[in-house]
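Analysis of the macromolecular model
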Amino acid sequence: MKDPFTPDLDRIDRNILRALQEDGRLSNADLARKVNVSAPTCHRRTQRLFEDGYITGVRAQVAPHAVGLGAVAMVGVVLDRSTPDSFAAFEEAVAGLPFVLDCALVAGDFDYLLKIRVGDMNDFNRLHGQTLIALPGVRQTRTFFVMKEVKDNAPLPF
């Protein structure tokens, strides 16, 4: 029976995706054993999952503190206008900022919510004063400093 939330995926496909979310470094042979299929079948299915866009990439999770990026700030941004052009200009500018990990258009008190990683408060203060408030259309920002990351980048629950 097909899962209504993942219409084109059968049980084996979902198991492959779950296993790769847990450990993207699994060899094809290990993955095949884990999901109980032959290695050639596993390889074909995994390739199809990439081609069909279910898997968009594989990358290492780097420990932020180890590379000097231990501070996280969530920044709510309000734009001066709510037009397609102002949204597009802001989104294009944010896309080029490496310290912005996530950017989401949201409903509510802000237009956008940004997740930013920096070394410390001084780094954030500099970025805020030189870059964030100078982004196209920014009228107001509100910053929330993360005191503790309780859950970050959890696997998708499917």
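Just above sits the structure.
Read on for a plain summary of the structure. Values in this document were obtained by computation on a predicted structure and should not be read as measured data. Along each chain, the written sequence defines residue order, and numbers are assigned to residues from 1. For this predicted model, a pLDDT threshold of at least 70 governs which residues receive local features, and a threshold of 80 or more governs which side-chain atom pairs are given and counted, while totals over whole chains, interfaces and linings are taken from all residues. Note that the side-chain values use all heavy atoms of the structure and ignore hydrogens as well as water.

With that settled, the discussion passes to a nonpolar patch on the surface. Residues Val62, Val67 and Leu69 make up a contiguous nonpolar surface patch of roughly 250 Å² in combined accessible area. With respect to the element layout, valine 67 can be found in the loop between α3 (39-51) and β1 (71-79). Distance thresholds for patches are 9 Å for like charges and 5 Å for nonpolar side chains (Val, Leu, Ile, Met, Phe, Trp, Tyr), applied to residues having over 30% relative accessible area and no salt bridge. The Shrake-Rupley method, run with a 1.4 Å probe sphere, supplies the accessible areas, and residue values consider only the shown protein chains as cover. Any carboxyl oxygen of Asp or Glu that lies within 4 Å of a side-chain nitrogen of Lys or Arg is treated as forming a salt bridge with it. Secondary structure elements follow DSSP: runs of H or I no shorter than four residues count as helices, runs of E no shorter than two count as strands, and numbering proceeds from the N terminus.

The subject of this paragraph is the packing of aromatic side chains. The rule is short: rings of Phe, Tyr and Trp, with Trp giving its six-membered ring, pair when the centres are within 6.5 Å, and they are stacked under 30 degrees, edge-to-face over 60, tilted in between. Within this structure, the stated rule accounts for 4 aromatic pairs. Seen from their ring centres, phenylalanine 90 and tyrosine 112 are 4.6 Å apart, and the 35° between their planes marks the pair as tilted. Remark: tyrosine 112 occurs in strand β3 (residues 112-118) and phenylalanine 90 occurs in helix α4 (residues 84-95); sequence separation between them is 22 residues. Like tyrosine 112, phenylalanine 90 is buried. An aromatic cluster of three or more residues is present, and its members are Phe87, Phe90 and Tyr112. Summary of the burial criterion: residues with accessible area below 20% of their type's maximum are buried, those above 50% are exposed, and those between are partly exposed, where the area comes from a 1.4 Å probe applied to protein chains only.

Take the sheet that holds β3 next. Pairs of strands are assigned from DSSP output, requiring at least two bridges between the strands. Read from one edge to the other, the open sheet built from 4 strands follows the order β2-β3-β1-β4, with strand pairing classed as antiparallel. Looking at the sheet topology across the chains shown, the edges are occupied by β2 (100-105) and β4 (138-145). The sheet shows a mean angle of 20° between the axes of neighbouring strands, direction not considered. Two elements, β1 and β4, share 7 bridges in a ladder whose sense is antiparallel. Its bridge partner lying in β4, valine 77 is registered against threonine 141. On the sheet, α4 packs against β1, β2, β3 and β4 and is oriented at approximately 15° with respect to β3. Each of β1, β3 and β4 is contacted by helix α5 (residues 121-130), which is oriented at about 170° to β4, the strand it contacts most. Note on definitions: angles span 0 to 180 degrees between N-to-C directions of axes, and those axes are lines fitted to C-alpha atoms, for helices only across the stretch in contact. We call two residues contacting when some pair of their heavy atoms lies within 4.5 Å.

Attention shifts here to the pattern of salt bridges. Per the stated rule, a full pass over the model turns up 10 salt bridges. In this structure, arginine 45 engages aspartate 13 in a salt bridge whose closest nitrogen and oxygen atoms are separated by 2.9 Å. Separated by 32 residues along the polypeptide, arginine 45 in helix α3 and aspartate 13 in helix α1 (residues 11-22) bring together distant segments of the chain. Look at the salt bridges and you will find they share partners, linking Asp10, Asp13, Arg45, Arg48 and Asp52 into a network.

Interpretation in functional terms is not warranted from these geometric data alone.
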